[in-house]
Amino acid sequence: MASVLCSLVVFDRLRTAFWRSALLVSVGATFLGNAQRLRAGGFEIPANGTEALGRGGAFSAKADSPLALEYNVGGLAQQRGTHALFDNNVAFSRYRFAREGGDSFGAFPTVQSDATPPFYAPWFGLTTDFGFFKRITFAAGVYGPSSIGRRTFPVFVPTDDGKQRPGPGRYDLATTDLLIFYPTIAVGVRAARFLDLGFAVQQVSAQIKLSSMTYAPQSLPMFPSSSACTTQTEAAGCDSVTRFVGKSYDNYMLQLGALFHVGRAVDVGVNVRSASNLGVRPILVKGTVSATEPPFLQGMGIGAEKMDGEFSIFLPWVFRGGIRFGQKLEGQQLFDIEADVVYEAWSWLSGTDHTLVLKNPPPLVNKGQPVEITLPHHYRDTLGLRLGGSLFMPFSADAGVTMRVGGFYDGSASADADLRLDFDTLAKLGATGGLGFLVRGVEINVAYAYQHSLSRTVTDGRLFAIDGTTGQPVQIGGKLAPAVNNGTYSGSTHLVSAGLTMRFEEWRREPTAKPK
């Protein structure tokens, strides 16, 4: 009988919640319907954290787990007791480039990166009020950006007759292996019955490995084959493999968040994450650079096994906002739906291009003086949309199953002319789903997301091969070499996530009998 009564209560709450949430659904549908007019996403993909992923990344107004460290630090104040979370995302990503034009072998072949092995991204967070504070919650965690940090494109591609031909994307990217993570400490305060505030400090650690090809438009009579380097634009014998390896740990970001409780059923969340180093300076990664001698110029002395190098990158200001409607049953969230907006303010920075500085090149490279190579990106301010929600089906007062569903749209962060291979900045459309299994404060979550990158064809590219001896775009006969990023870009990503959340204070409660 109790089970029947519980089901009737659930049904009544769902019926009421359906009509009250219709407005949020219509707002979210309007956002998605107009998404073609928006730009979004940068190089990140939704979303970190298993629960948030299952909801399409719509979590800024919920923020009731340690994931608040990323989505809204204001949500920390509503978490009583001690909570621990360990989530694991695994990304199976494919990014493809079919370059326009051809070489002496014929039309350029299509190349792609399959993120092999799959890219693994863990997320850990801990929150506690130490069993003492009634209005204050402390938190610590570590996680990285929701992004694909490892890609490899072939430098050489096999032909049908077993030969090897130069890869069409080698002047853009050969390999990238990025590890960026944010050790974070935070505090949340219940400032008023209707308002929670939070503040976080994040250290930014970066470990970077990159490689690509540069070109050497040089020729000497003692190297007869080198004449091709000054008359042809992409002769493979004039290529130099340039590699950079470096680390940086002296960087930081700040976060400020607020969560407004509008009545019993509506929450509004806002969160601001600063740019790295507040945008005052870039993340400066110090390390070493090596450059092989081009095959046609072997012995000329323009290669180097080890040079001091500095690689600089920026991370933007990020603004999150969300509105959420939900219903609770005896303190347990029964049903909710949320719509979020994510804005990345790249224009607030002094620049979005990456730079690589060779501190002590060989004497024949720029007369031994430092060489600065600019890797253009020209990221634009972006806007992203998230829509998601959950439904909890109780088995007892302290056990049940949560079903989650969501969707997202991200426009492109790059103009056609600036598309390249290091990050997939195409427009993206995705759908997500997930499940949570709760028993006495222990919740096991699983989630899946599919992201489709909408293909684009570039005809006005402005990415050029780099002259490794000067750091400038290659010129042949005084004329700029053709762009190397014209062609068609496409991609897709499958995300699988599993995680464990523990609410320790619920372990100490007496178990509640299952309804009969």
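Scroll up to find the structure.
Only a predicted model underlies this, so the values are computations on that prediction, with no experimental measurement involved.

### Concerning the overall build of the protein
Scanning the protein for helices and strands turns up three helices and 26 strands. At a minimum sequence separation of 6, the contacts of the protein that also span at least 24 residues come to 73%. Total accessible area on the protein is roughly 22300 Å²; 62% of this is exposed by carbon and sulfur atoms.

### Section: a nonpolar patch on the surface
A contiguous nonpolar surface patch, about 540 Å² in accessible area, is contributed by Met393, Met403, Leu435, Phe437, Ile444, Val446 and Leu500. Counting only elements with at least two residues in the nonpolar patch, the list comes to β22 (428-439) and β23 (442-458). In this fold, methionine 393 is placed in strand β20 (residues 382-396). Taking relative accessible area as the criterion, methionine 393 reaches 34% and is therefore assigned partly exposed.

### Some words on the pattern of salt bridges
Enumeration according to the criterion identifies 20 salt bridges in this entry. The structure contains a network of salt bridges with shared partners spanning Arg55, Asp267, Arg324, Asp336 and Glu338.

### Focus on the pairing of strand β14 (residues 283-291)
Where strand β12 (residues 239-262) and β14 come together, six bridges link them in antiparallel fashion. By the bridge assignment, threonine 242 is partnered in β14 with alanine 291.

### Here's the deal with the environment of leucine 383
Structurally, leucine 383 is set in strand β20. Taking the relative accessible area as the measure of exposure, leucine 383 reaches 24% and is therefore partly exposed. Distance from leucine 383 to serine 412, taken between C-alpha atoms, is 9.3 Å for residues 29 residues apart in sequence.

### With respect to the pairing of strand β1 (residues 82-99)
When β1 meets strand β5 (residues 119-128), the two strands line up antiparallel, connected through ten bridges. Across the sheet, the residue bridging to threonine 82 is threonine 128, located in β5. Taken together, the four bridges between β1 and strand β4 (residues 110-113) define a ladder with antiparallel strand orientation. In the strand pairing of β4, alanine 98 is matched with threonine 110.

### Some points on the state of the cysteines
Inspection of every chain in the model, using the stated rule, returns one disulfide. The partner cysteine of cysteine 229 in its disulfide is cysteine 238, sulfur to sulfur 2.0 Å. The S-S bond linking cysteine 229 to cysteine 238 shows a torsion near -90 degrees; that makes this disulfide left-handed. Residues cysteine 229 and cysteine 238 agree in their burial class; the two are buried.

Criteria and thresholds
- Numbering of residues begins from 1 in every chain and follows the order in which that chain's sequence is written.
- Local features are withheld for residues below a pLDDT of 70 in this predicted model, meaning they are given only at 70 or higher, and side-chain atom pairs are given and counted only at 80 or more; totals for whole chains, interfaces and linings count all residues.
- As a rule here, side-chain values cover all heavy atoms of the structure and leave hydrogens and water aside.
- A run of H or I in DSSP counts as a helix once it spans at least four residues, and a run of E counts as a strand once it spans at least two, with each numbered from the N terminus.
- Contact definition: two residues touch when any of their heavy atoms are within 4.5 Å.
- Per-residue accessibility takes into account occlusion by the displayed protein chains alone, with areas from the Shrake-Rupley method and a 1.4 Å probe.
- Distance thresholds for patches are 9 Å for like charges and 5 Å for nonpolar side chains (Val, Leu, Ile, Met, Phe, Trp, Tyr), applied to residues having over 30% relative accessible area and no salt bridge.
- When a carboxyl oxygen of Asp or Glu lies within 4 Å of a side-chain nitrogen of Lys or Arg, that pair is called a salt bridge.
- Note on exposure labels: buried denotes an accessible area under 20% of the residue type's maximum, exposed denotes more than 50%, and partly exposed covers the range between, all computed with a 1.4 Å probe on protein chains only.
- For two strands to count as paired, DSSP must find a minimum of two bridges between them.
- When two cysteine sulfur atoms lie within 2.5 Å, the pair is treated as a disulfide.

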